[in-house]
Amino acid sequence: MNTSALVIMLTTLILVTALTIYFFMLVLRKPPKPEPDSYLENDDDPDRQPLL
Amino acid sequence: MSSNKESWGSRMGLILAMAGNAVGLGNFLRFPVQAVQNGGGAFIIPYLVCFLVMGIPLLWIEWSMGRFGGKYGHHSTPFILNSMDKRRYWKYIGVFGIWTNIAVAAYYCYLESWTLSYMYHSVVGTFSDMDQNAISNFFNDYVSLNNNTSAIPYEPIVFFVICLLLNTWILSRGLAGGVERVAKIGMPLLILFGAFLAYKGFTIVAGENGAINDSSVGLNFLWTPKFDQLWSPSVWLAAAGQIFFTLSVGMGTIQCYASYVRSKDDIALNAMSAGWMNEFVEVVLGGAILIPISIGYLGVDRVTELVQSGGLGLGFRTLPYLFYQWGDVLGAVAGFMWFGLLFFAGITSSLAMGTPWMGFLQDEFNWRRNSAAWSFGLIVFILGMPTVLFFNYGVFDEYDYWAGTVSLVIFALLETILFAWVFGMDKGWREINSGADIKVPSIYRFIIKYVTPLLLIWVFVGSLVTPKGGDWGAALSGNWELDNSSIIRKLMNTGLKDQLAAATDPAQITQLEDTLFFVNASRILLVVVFACIAMLVYIAYKKRMREGKI
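A quick note: this is a predicted structure, and the numbers were derived from the prediction, not measured.

(A) Here's a closer look at the interface of chain A and chain B. Listed as interface residues are 23 residues of chain A and, on the opposing side, 31 residues of chain B. A breakdown of the residues in the side of chain A that touches chain B according to their chemical character gives 13 nonpolar, six polar and four charged.

(B) Quick peek at the confidence of the model for chain B. For chain B, per-residue confidence averages 93 on the pLDDT scale, and 99% of positions sit at 70 or higher. The ipTM for the predicted assembly is 0.92, set against a pTM of 0.94.

(C) Local environment of the packing of helix H4 (residues 44-71) of chain B against helix H12 (residues 233-246) of chain B. All names here are of chain B. At a minimum axis separation of 8 Å, H4 and H12 run at an interaxial angle of 55°. One element, H4, and the other, H12, form an angle in the oblique class. Seen along the crossing, H4 lies across H12 with a hand that is right-handed. Judged by residue contacts, Pro46, Tyr47, Cys50, Phe51, Met54 and Gly55 of H4 engage Val235, Trp236, Ala239, Ala240, Gln242 and Ile243 from H12. Residue composition of the contact of H4 with H12, grouped by class: ten nonpolar, two polar and no charged.

(D) Here's a closer look at the environment of Thr115 of chain B. All names here are of chain B. Following the sequence through the fold, Thr115 ends up in helix H7 (residues 96-124). Among the residues examined, Thr115 registers 24 C-beta atoms within 10 Å and is labelled buried. Distance in space between the C-alpha atoms of Thr115 and Asp228 is 38 Å, their sequence separation being 113 residues. With residues near it in sequence (within four places) discarded, Thr115 still touches Phe339, Leu342, Phe343 and Gly346.

Basis of the calculations
Residues numbered from 1 in each chain as written. Chains lettered and ligands numbered in written order. Predicted model: local features only at pLDDT ≥ 70, side-chain atom pairs only at ≥ 80, totals over all residues. Contact = placed C-beta atoms within 7 Å. Nonpolar A, V, L, I, M, F, W, Y, C, P; charged D, E, K, R; others polar. pLDDT = per-residue confidence, 0-100. Axes fitted to C-alpha atoms, helices over the stretch in contact; angles between N-to-C directions. Helix = DSSP H or I, 4+ residues; strand = E, 2+ residues; numbered from the N terminus. Parallel < 35°, antiparallel > 145°, perpendicular 65-115°, else oblique. Left-handed = near helix turned anticlockwise from the far one by under 90°. Buried ≥ 20, exposed ≤ 12 C-beta atoms within 10 Å, placed from the backbone.

So this is what it looks like as C-alpha cells:
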C-alpha cells in the first residue's frame, strides 16, 4: 500500500475501533441505577431494589 | 389508558437494538462506493466531521425527544413532537416519523428478502457452476420475476412474504421478547461474519485462487486520499448524506425506541455507544469487504466501471461469483456469511421501522401488540407489492428517493428546529444530560443550536438545487443549471422525459412511458398513505379531546 493510504486507513481504523470499544466498555462498567429503571431483566436483583 | 406496556429487557439489548437499527445494508454497500467516488481516503475527513457535528447531535436530539415524549405515554413522533410544543401542526409534521418507516419498510423488506434468498442459494450451491455473467443475469431474472431462477415459482414474491411474516412475527413478540432478542443474536453474528470476510478481504494474494491483485491494490483504491477533492462541496454533501442515512436519523425509529427509557436512565452514553458501533461496522468492516475483494479479482478498471451503478450491483451480481474462487465449500460459506450479515443488518433495521406504527396504534387506539404488528405486516405487504411487481419500472427507486432520502432530511431539519429553537436549548440540554453517564461536552450546546440546523439546511438546499454535474464552482459563478438528480428536476421527471425524447426504439419508448406512469403512480400512492396517517392522527387528537386528555 502507498504510505498516504496506509496512514489514513490505519489512523481511521484504530480511532474508530478504539472509540467504539471505549464507549462500549464505559456502558459495561457504569453501575446500574436503582429500581425502578427502564429494564426488565434486572427487576428482581436484590441489590438494586429501591430504598424504602 | 394505553395498552402499550412495552419495555426493554436490558441496557445492552437496547444499545444493540439501536445499533442494529442504524446498521443497514448501506453500511456494506453504500459507504465504500461513496468513499471511492468522493475522494478515497480523504472522504473520511468530511465523513467524521459530519458525524461529530451532525450525526452525534442528531442522535442526542432524537434520543432526548423520544425519552421526553415517553414520559407522557407517547411512543410515536406525532404526539412526541406535540408534547414538546403545543402548536397543532407539530403532530402533523410528526406523521413523517410513521410514514417514512412504513414506506421505507415496503421496499426495504423486499431488499432484505433478496439477502434471504441469496443465503438459500448460497447454501444449495446455485451459484457454484455459474460464471460471472450467469450470476449477474440471475439477479436480473430475479428482479424481473422470471421463473428460471430456481424451482420455486415466483421466488421473489415467496421470499418477500417469508421476510414480511418473519418481521411481523418478531414484532408481535414485543420489544424485549422480539426486537431485542433478534438484536442480541443478529449483531454479534453480523460482526463475526463481517470480521471473517474482512480478514479474507485483507489477505488476498495475486495469483492465488484466480486473484489478479493483492488486497493492497483494493485498499489503495479505497484509501488513497485525494485531498484536492476536499474543497468540493459535493464531497461534503455526500459525506453529510452518508452520515445521515447510516445512522437512521430523521426516521422516527430512534424516538420510538428511546420513548421506553425512563428519565433517570442514561441516553447520552447509550447514543454514543450505539452510534460508534454503527461507525465500526461501516468503516472498519464495510470498508474491508466489497472493494478489496472486488478489485482483487476484477481489477481497478472493471470495479471503477461497476461502482458507477452503486453497491447493489457489486454486492449481488459480482461477489457471489468471486466467493467461489475460494473453492466450492468456502464459496458457499462466504456467500452465506455475506448475505447473512446483510440479512441481519436489514432485519434489525426493518424491525425498528415497525415499532412507531405499533406504538401509535397501541397508544391512541388501544390496539393489542399482536394486532398492531399484523396490521403493519399487511400495510407493508400492500405497499411493498408494487416494488416487487414493478421493480424494473422504477417503483423501488421512487420509494427510496422520496421516503428513504428526501423525507429524512426534511424531518430531521424540522425536529432539530423544534428541539433547539422551539422547545429551547435550555430544556433540551437538561433532557440530554438527565441521568447521563458521561459529561456531554458543552460545545455541543452551540453545535446543536447553530451548526447542526445550518448543516441540515445546507444538505436540503444542496439536494433541492444540485447544480449540473455537482459543479458548484460554475453554479456560484452564475451558471446554475440544475442537475437531473436535484429534487426539483426529480419532481418534474426531467431525466425520464429527456430519455423519452431521445429514444427511437419503440420497445424502449413503451418501457419509458410505462416507467413514467409507475413513477407518478407510486408518488400518488405515497401521498395517499401520508394523508391517511395524518387523518388517523387527527382522529386520535379528537379522541384525546373527547377523553379530556388535552
